[in-house]
Amino acid sequence: MEGKQRVSSASQFFLWFGASISLAEIMTGALIAPLGFEEGMKAIIIGHLIGATILFLAAWMSATTRYGALQATRISFGSVGSYGFTALNLTQLLGWGSVMIATGTTALNGISKQLFGFDNQWAWAIGVVAILLIWVALGLEKISKLNVVAVSLLCLFTLVLARVIFSSGAPMFNESLEPIAFSTAVEVSAVMALSFLPLIGDYTSQLKNPKTGTVVSVLGYSLGSTFMFTIGLGGSLFVGSSDISAIMLASGLGLMALVIVFFSTIITTFIDSYSSGINMQNFFPKVNAKVVSFIFTIIALFVAMLATIDAYESFLYFIGSIFSPLYGILFAEFYVLRRRTIEGRRFVWPTMLLWVAGLVLYQLTLDMDVPLGHAIWILIICFIARIVMEPFMRGNKK
């Protein structure tokens, strides 16, 4: 959308911190509440350390090569292979955009119904999408200052929300919540970061200062996400439910809760809308990315209002199964085998088969209790396997 190397490091910190100030992060943190506060925090911190490490490695590739996130997958899978991952990522983006609009407008409607007697989720959805379309029209560079203001306000409000929750004398364990294994809690914490793997490169590829910008982007997201997971964990223990509306209403913040939900929904969904346009350019380099983002946002609105979000946890596993083997292979090629070019390869079937094997292994082992979660081990297995395969792949240029 904008030219390369225009985006400042400071604006990226606020963009990615703002991306983490979302209902999705609170909702996922709430899923961890059955572990209790102490064990839940351990899982959150371990998961975020894993996620931040992987996110940095992906962001650094795009920052140094100036390739967009999905464009960089051509290094390992060729141009045709990258089209498949672009299609999968567009599906993921649409899923996230819809989830954010659905959860945001459900919470907005629940809060406004209690505060003002206003009950119309479609009206809230249209209002959120209208602001989103304005942000898309302005573009990443022009909204940077506006984003800093919005994120600063959100940070202030969520600090107040955190104070309310953690000064409430909330119970530290609630047996009514659905049980979750420690390894699963680590997994969902890490996978939230993995969901940004095919997005963050679209932004770090445009940085003025690649090194500083990459570090602060990952730091901004990781700090904000850990904070929001903690609010979800504490809030769920406070109200005895993982329902976002119940957590926000129980905080007693009233209008402030409404503002938190409204702007967090816009800021987070904007990232998905923006990246949809960048991703589509991997198929059609001359396509108008803003037009694609407009269409994407409208489709996400209708999906959000017509679908359910009951399969949210399964959606997170879907993300992990796609991107953990993909980036294990890509990291091996970029950081160990030192492959940098995206030219000259159309389809690399050995790496594609390895990715399929990693995806299948992830899905087959989901019911197993794996230390530190599945994502990191599948990534490591595919990373090692790709290096081992190298002598057998030399000369494959098709």
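Placed above this text is the structure.
What you see is a predicted model, and the numbers here were worked out from it, not measured in a lab.

Caption draft 1: The overall build of the protein chain, seen in detail. Helix and strand counts for the protein chain stand at 15 helices and zero strands. Taking all 398 residues of the protein chain together, 58% fall into the buried category. A fraction of 87% describes how many contacts in the protein chain between residues 6 or more apart in sequence connect residues 24 or more apart. Looking at the protein chain as shown, the accessible area adds up to about 15,500 Å², and 68% of this sits on carbon and sulfur atoms.

Caption draft 2: How the structure looks around empty space enclosed by the protein. On inspection of all chains with the given rule, the structure shows two cavities of 30 Å³ or more. In this structure, the largest cavity encloses a volume near 80 Å³. Every element with two or more residues in the lining of the largest cavity is listed here: helix 2 (23-31), helix 4 (74-116) and helix 11 (255-280).

Caption draft 3: Here's a closer look at the environment of Gly-47. In this structure, Gly-47 sits in helix 3 (residues 37-65). The residues contacting Gly-47, other than those within four sequence positions of it, are Val-186, Ser-189 and Ala-190.

Caption draft 4: Fine view of the packing of aromatic side chains. Summed over the entire model, instances satisfying the criterion amount to 16 aromatic pairs. Aromatic pair Trp-16 and Tyr-203: ring centres 5.5 Å apart, planes at 90°, arrangement edge-to-face. Here Tyr-203 lies in helix 8 (residues 197-204) and Trp-16 lies in helix 1 (residues 9-20), a separation of 187 residues in the sequence. The pair formed by Trp-16 and Tyr-203 is uniform in burial state, with each residue classed as buried. Ring geometry for Phe-118 and Trp-124: centres 6.3 Å apart, planes at 80°, overall edge-to-face. On the accessibility criterion, Trp-124 (18% relative accessible area) is buried. In textbook terms, an aromatic cluster arises when at least three aromatic residues are bridged by ring pairs, as seen for Trp-16, Trp-135, Phe-196, Tyr-203, Tyr-221, Phe-270 and Tyr-274. Of note, Arg-340 hangs over the ring of Phe-334, and the distance from its end group to the ring centre comes to 3.9 Å.

Caption draft 5: Structural context of the nonpolar core. Ranked by internal contacts, the top residues of the largest apolar core, which has 108 residues, are Trp-16 and Tyr-327. No other element matches helix 13 (residues 312-336), which puts twelve residues into this core. Setting aside anything within four residues of it in sequence, one finds Trp-16 in contact with Phe-196, Leu-199, Ile-200, Tyr-203, Ser-217, Gly-220, Tyr-221 and Ile-271. In terms of nonpolar packing, the next biggest core, distinct from the first, is built from nine residues, Ile-101, Ala-125, Ala-304 and Met-305 among them.

Conventions we followed
- Residues numbered from 1 in each chain as written.
- Predicted model: local features only at pLDDT ≥ 70, side-chain atom pairs only at ≥ 80, totals over all residues.
- Heavy atoms only, no water.
- Helix = DSSP H or I, 4+ residues; strand = E, 2+ residues; numbered from the N terminus.
- Buried < 20%, exposed > 50% of the residue type's maximum accessible area, 1.4 Å probe, protein only.
- Contact = heavy atoms within 4.5 Å.
- Areas by Shrake-Rupley, 256 points an atom, 1.4 Å probe, with all protein chains shown as cover.
- 1 Å grid on protein atoms, 1.4 Å probe; cavity = no way out; pocket = protein on both sides within 12 Å on 5 of 7 lines; lining within 4 Å.
- Points joined across faces, edges and corners; volume = space filled by probe spheres on them.
- Phe/Tyr/Trp six-rings, centres within 6.5 Å; stacked < 30°, edge-to-face > 60°.
- Lys NZ or Arg CZ within 6 Å of the ring centre and 35° of its normal.
- Core = buried A, V, L, I, M, F, W, Y, C linked by side-chain atoms within 4.5 Å.

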